[in-house]
Amino acid sequence: TYYDGPEGTYYYIPQGGGELKVADPDNLRQGDTPSPELVTDITDYDTINLGDLAVNEAEEEMYVSIVSGSNAGAFIEFDLSGPSGGTPLLENVSGASDSGSAAGKQIAYGLDGNGDPQLYAHSTSTGDWYEVDPNSITGTPGDGVTQVDNTLTFTDLAQCGPNTPP
């Protein structure tokens, strides 16, 4: 995911890895080979099969929703003013892709009905859509999420609309 912070950086998790990395997108624009740098190991998850990232630029926070090789999921918060280690808000969620939690989902920010930033999650296996309130996640699957719809399944989400409310 791209974060247009002070330096403009691209964060990602390599498929099958357990590391959060960052690359400078200016290298790509200039046709240079990117030189990714390790930001941090993602605690206790070394074989990530699904990982999605969403950035709240106003709060300088990034959320990561993952499923590991053992099908256990997690939802982790990173402070972008100095990301290191991250703070797991949910850990070891069994069957995360099908669970009614923020773990193991595709995630992205969009705008709610009032034009305010809203974190959304989508299950690639059930088609369920959720509104996610990271501040209300207590460590119990289901906390901080509200199912809002069910549609066809999507394998990736991207931000829809402007970065900030109009």
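These numbers were taken from a predicted model, which means no experiment stands behind them. (Residues numbered from 1 in each chain as written. Predicted model: local features only at pLDDT ≥ 70, side-chain atom pairs only at ≥ 80, totals over all residues. Heavy atoms only, no water.)

**Student:** Please give an account of the sheet that holds strand 11 (residues 128–132) that cites residues and values.
**Tutor:** Pairing within the open sheet is antiparallel, and its four strands lie in the order 9-10-11-12. Every interior strand has two partners, whereas the edge strands, strand 9 (106–111) and strand 12 (145–150), have only one. On average, each strand axis in the sheet is inclined to that of its neighbour by 30 degrees, with strand direction left out of account. (Pairing = 2+ DSSP bridges. Helix = DSSP H or I, 4+ residues; strand = E, 2+ residues; numbered from the N terminus. Axes fitted to C-alpha atoms, helices over the stretch in contact; angles between N-to-C directions.)

**Student:** I'd like a rundown of the sheet that holds strand 8 (residues 87–94), residues and numbers included.
**Tutor:** Judged by pairing direction, the sheet is antiparallel, and its four strands sit side by side in the order 5-6-7-8 without closing on themselves. The sheet is open, and its two borders are formed by strand 5 (48–56) and strand 8, each paired with just one other strand. For this sheet, the mean inter-axis angle between neighbouring strands, taken without regard to orientation, is 15 degrees. Taken together, the eight bridges between strand 5 and strand 6 (residues 61–68) define a ladder with antiparallel strand orientation. When the sheet's bridge partners are listed, D52 is paired in strand 6 with S65.

**Student:** Lay out the confidence of the model for the protein in plain terms, naming residues and giving numbers.
**Tutor:** The share of residues in the protein with pLDDT of 70 or more is 77%, and the mean pLDDT across the chain is 77. pLDDT under 50 marks residues 160–166. Its contacts with residues more than four places away, or in other chains, come to nine contacts. (pLDDT = per-residue confidence, 0-100. Contact = heavy atoms within 4.5 Å.)

**Student:** Explain the environment of A96 to me, using residue names and the numbers behind them.
**Tutor:** If you trace the backbone, A96 turns up in the loop between strand 8 and strand 9. On the accessibility criterion, A96 (0% relative accessible area) is buried. Sequence spacing of A96 and G73 is 23 residues, and the spatial spacing of their C-alpha atoms is 4.9 Å. (Buried < 20%, exposed > 50% of the residue type's maximum accessible area, 1.4 Å probe, protein only.)

**Student:** Describe the packing of aromatic side chains, with residues and values.
**Tutor:** In total, this model carries one aromatic pair according to the counting rule given. Arranged with centres 5.6 Å apart and planes meeting at 5 degrees, the rings of Y63 and F75 form a pair that is stacked. Taken as a pair, Y63 in strand 6 and F75 in strand 7 (residues 72–79) lie far apart in primary sequence, twelve residues in all. Given the relative accessible area of 1%, Y63 is considered buried. (Phe/Tyr/Trp six-rings, centres within 6.5 Å; stacked < 30°, edge-to-face > 60°.)

**Student:** So what's going on with the pattern of salt bridges? Which residues, and what values?
**Tutor:** Taken as a whole, this structure holds one salt bridge when the rule is applied. Here E19 makes a salt bridge to K21, at a shortest N to O gap of 3.5 Å. (Salt bridge = Lys/Arg side-chain N within 4 Å of Asp/Glu carboxyl O.)

**Student:** Outline the side chain of D128, listing residues and values.
**Tutor:** As for its placement among the helices and strands, D128 is situated in strand 11. Although buried, D128 forms no salt bridge, and the nearest oppositely charged side chain, K105, lies 7.8 Å from it. Among all residues touching D128, those that are not within four sequence positions of it are A121, H122, S123, Q147, D149 and N150. (Lys, Arg positive; Asp, Glu negative; His and termini not counted.)

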